[in-house]
Amino acid sequence: MSRRLLPRIAAALAAVLAAAVGALVAAEPARAASLTQVTSFGSNPGSLAMYSYRPDGLTANAPLVVLLHGCSQDASTYFTNSGWRKYADQWRFALVLPEQNSANNSLKCFNWFQPGDNSRGQGEAASIRSMVAYAVANYGTDASRVFVSGLSAGGIMTSVMLATYPDVFAGGSVVAGIPYGCANSQSEATTCQYSPPTKTAQQWGDLARAGYAGYTGRYPRVAIWHGTSDTTVQPKNATNSRDQWTNVRGVSQTATATQSLTGSTTLTAYGADEVRLYQVSGMAHGTPVDPGTGADQCGTAASYFLDTICEAYYDAVWFGLSNSSGPSTSPSPSTSPSPSVSPSPSISPSPSKSPSASPSAGPCYTATNYAHTVAGRAYQSGGYTYANGSNDALGLWNVFVTTSLRQTGPNFWLKVTAC
């Protein structure tokens with residue numbers, strides 16, 4: 001071979017190799033979503049840090065969940081261990097994780113007991129509100145489907161946000177927390193933790209209503225989680241929270257339904273499933289998780305993340321987040337009954353179709369009888385549920401009987417065996 005050809009061949013091979021490498025790089029999938037700090041999100045009187053997570057494939061008008069960590073924790077710890085990331089990825093909703101710092105509180109607890117931080121328009125509460133506004137404006141999330149959940153000090157700060165910004169949140173989950181307004185000083189906080197005061201439901205409700213004086217709109221739905229062996233935040237706080245939020249919602253403190261779940265957990269519902277109380281037998285202070293691959297399993301067991309039941313799953317389904325990508329994403333729990341899915345009319349559209357159309361022609365939803373009535377697919381009479389239009393009998397009107405309905409015309413629904 002001519003020596004003159006060698007450099008030309010080498011150059012050609014190099015060009016081919018470069019093109020191949022370039023093609024491979026171009027063919028690589030987009031980098032997976034990760035927890036990212038947002039350094040400028042607007043007014044921040046509480047001097048908190050903001051972290052956000054937007055799963056790959058997040059669409060416009062997706063729901064948003066705010067997660068508040070406990071004392072000695074940070075945003076990354078809660079994001080990694082709580083299990084919420086699994087469902088954000090699966091059902092495509094965004095997460096915002098505010099983070100406390102030791103300059104504000106030496107134990108990195110949210111200052112839920114400080115009037116300058118637990119009042120509307122002030123301090124840490126106002127900073128968290130700014131984060132929500134930023135996410136809605138910049139991520140395209142649905143302002144009507146914003147939820148908040150947190151552990152311990154983060155759980156109590158969840159109560160703060162629900163009471164001071166009921167116009168912002170559609171629902172919340174208080175994990176090992178305390179009712180809003182129980183404390184407005186460090187000494188009062190200690191009393192509330194270890195020797196919870198006794199008040200009437202009306203008194204607790206009045207404290208929550210004082211969080212946004214003059215508010216006349218509807219208050220968020222609230223789930224309350226507590227371990228029966230919690231010695232850090234006494235379990236009486238759970239029933240005090242139950243009394244507070246049932247009173248705010250205008251429903252009785254007498255249970256309307258109970259259910260036994262995995263992890264020695266008892267679920268008690270109040271009103272039309274407006275307030276939930278989850279009592280985890282034998283669990284100490286922490287967020288309930290249930291590591292595993294089942295549809296209703298999540299999280300990583302660690303300090304203050306206790307292997308019992310997946311709180312994130314039950315709350316996400318109850319918030320209606322499993323419908324974020326359509327009714328087909330509703331999960332089938334592998335180890336325990338699912339709580340009710342309560343989709344709102346805004347995410348359960350009813351396109352116009354003739355009642356005589358094929359039963360397979362319209363959208364189909366599987367949900368509890370209560371959820372069907374809330375979504376406008378059915379009505380209740382005398383404690384029983386009937387499909388709109390067809391008047392098909394669906395059984396008892398509660399949060400535990402599940403049926404499937406398919407639409408075949410304007411406000412006309414048929415009971416079907418399954419979707």
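Residues numbered from 1 in each chain as written. Predicted model: local features only at pLDDT ≥ 70, side-chain atom pairs only at ≥ 80, totals over all residues. Heavy atoms only, no water.

Examining the overall build of the protein
Then, number 1: If you tally the helices and strands in the protein, you get 10 helices and 18 strands.
Then, number 2: Taking all 419 residues of the protein together, the buried fraction comes to 51%.
Then, number 3: Of the contacts made within the protein by residues no fewer than 6 positions apart, 65% connect residues no fewer than 24 positions apart.
Then, number 4: For the protein, the computed accessible surface area is about 16,900 Å², with 52% contributed by carbon and sulfur atoms. (Helix = DSSP H or I, 4+ residues; strand = E, 2+ residues; numbered from the N terminus. Buried < 20%, exposed > 50% of the residue type's maximum accessible area, 1.4 Å probe, protein only. Contact = heavy atoms within 4.5 Å. Areas by Shrake-Rupley, 256 points an atom, 1.4 Å probe, with all protein chains shown as cover.)

Some details on the nonpolar core
Then, number 1: Val66, Trp112, Met157, Phe169 and Trp245 are the most contacted members of the largest nonpolar core, which has 52 residues in total.
Then, number 2: Aside from chain neighbours lying at most four places away, what touches phenylalanine 169 is Val66, Val132, Val146, Phe147, Val148, Met161, Leu162 and Pro220.
Then, number 3: By size, the runner-up hydrophobic cluster in this structure holds 40 residues, among which are Ala49, Ala223, Met283 and Cys310. (Core = buried A, V, L, I, M, F, W, Y, C linked by side-chain atoms within 4.5 Å.)

Topic: the side chain of threonine 246
Then, number 1: Along the chain, the position of threonine 246 falls in helix H8 (residues 236-249).
Then, number 2: Among the polar contacts made by the side chain of threonine 246, one reaches the main-chain carbonyl oxygen of arginine 242 at a distance of 2.7 Å.
Then, number 3: A distance of 3.2 Å separates the side chain of threonine 246 from the backbone oxygen of aspartate 243, its partner in a polar contact.
Then, number 4: For threonine 246, the residues in contact, after removing those within four places along its chain, are Val251, Ser252, Gln253, Tyr270 and Val275. (Polar contact = N/O pair within 3.5 Å; in protein donor to acceptor, adjacent residues only side chain to side chain.)

Quick notes on the packing of helix H3 (residues 84-91) against helix H9 (residues 311-318)
Then, number 1: Here H3 crosses H9 at 40 degrees, and the two axes come no closer than 8 Å. Taken together, the axes of H3 and H9 are oblique relative to one another. Relative to H9, the crossing made by H3 is right-handed. Contacts between H3 and H9 pair Trp84, Tyr87 and Trp91 from the former with Glu311, Ala312, Tyr313, Asp315, Ala316 and Val317 from the latter. (Axes fitted to C-alpha atoms, helices over the stretch in contact; angles between N-to-C directions. Parallel < 35°, antiparallel > 145°, perpendicular 65-115°, else oblique. Left-handed = near helix turned anticlockwise from the far one by under 90°.)

Description of the pairing of strand E9 (residues 265-270)
Then, number 1: With five of six residues buried, E9 lies mostly within the body of the structure.
Then, number 2: Two strands pair when backbone bridges link them, and strand E8 (residues 255-261) and E9 are joined in this way by six bridges, in the antiparallel orientation. Considered in E9, the bridge of threonine 258 is made with threonine 268.
Then, number 3: A loop of three residues connects E8 with E9, the two strands running antiparallel in sequence, and glycine 263 in this loop sits at a positive phi of about 70 degrees. (Pairing = 2+ DSSP bridges.)

What about the confidence of the model for the protein?
Then, number 1: Scored by pLDDT, the protein has a mean of 85; 82% of the residues are at 70 or more.
Then, number 2: Below a pLDDT of 50 lies the segment residues 324-360, which in the model reaches 101 contacts outside its immediate sequence neighbourhood of four places, other chains included. (pLDDT = per-residue confidence, 0-100.)

A few points about the pairing of strand E7 (residues 221-227)
Then, number 1: Among the seven residues in E7, seven count as buried, and that is most of the element.
Then, number 2: Neither face of E7 is open: one carries Arg221, Ala223, Trp225 and Gly227, the other Val222, Ile224 and His226, and all of them are buried.
Then, number 3: Of the pairings in the sheet, the one linking E7 to strand E10 (residues 275-280) comprises six bridges and is parallel in character. Looking at the pairing, valine 222 lines up with valine 275 of E10.

Structural notes on the packing of aromatic side chains
Then, number 1: Enumeration over the complete set of coordinates arrives at 15 aromatic pairs.
Then, number 2: A connected cluster of aromatic rings, assembled from ring pairs, spans Tyr87, Trp91, Trp225, Tyr278, Tyr313 and Tyr314.
Then, number 3: Note that arginine 120 overlies the ring of tyrosine 212, its terminal NZ or CZ placed 3.8 Å from the centroid. (Phe/Tyr/Trp six-rings, centres within 6.5 Å; stacked < 30°, edge-to-face > 60°. Lys NZ or Arg CZ within 6 Å of the ring centre and 35° of its normal.)

Observations regarding the pattern of salt bridges
Then, number 1: This structure, assessed with the given rule, holds eight salt bridges.
Then, number 2: Aspartate 206 is paired through a salt bridge with arginine 209; the nearest N and O atoms lie 2.8 Å apart. Of the two residues, aspartate 206 and arginine 209 are both situated in helix H7 (residues 201-209); the distance of three residues between them amounts to about one turn of the helix.
Then, number 3: Put simply, aspartate 243 and arginine 242 hold a salt bridge, and the shortest N to O gap is 2.7 Å.
Then, number 4: Three or more residues joined by partner-sharing salt bridges are found here, namely Arg218, Arg249 and Glu274. (Salt bridge = Lys/Arg side-chain N within 4 Å of Asp/Glu carboxyl O.)

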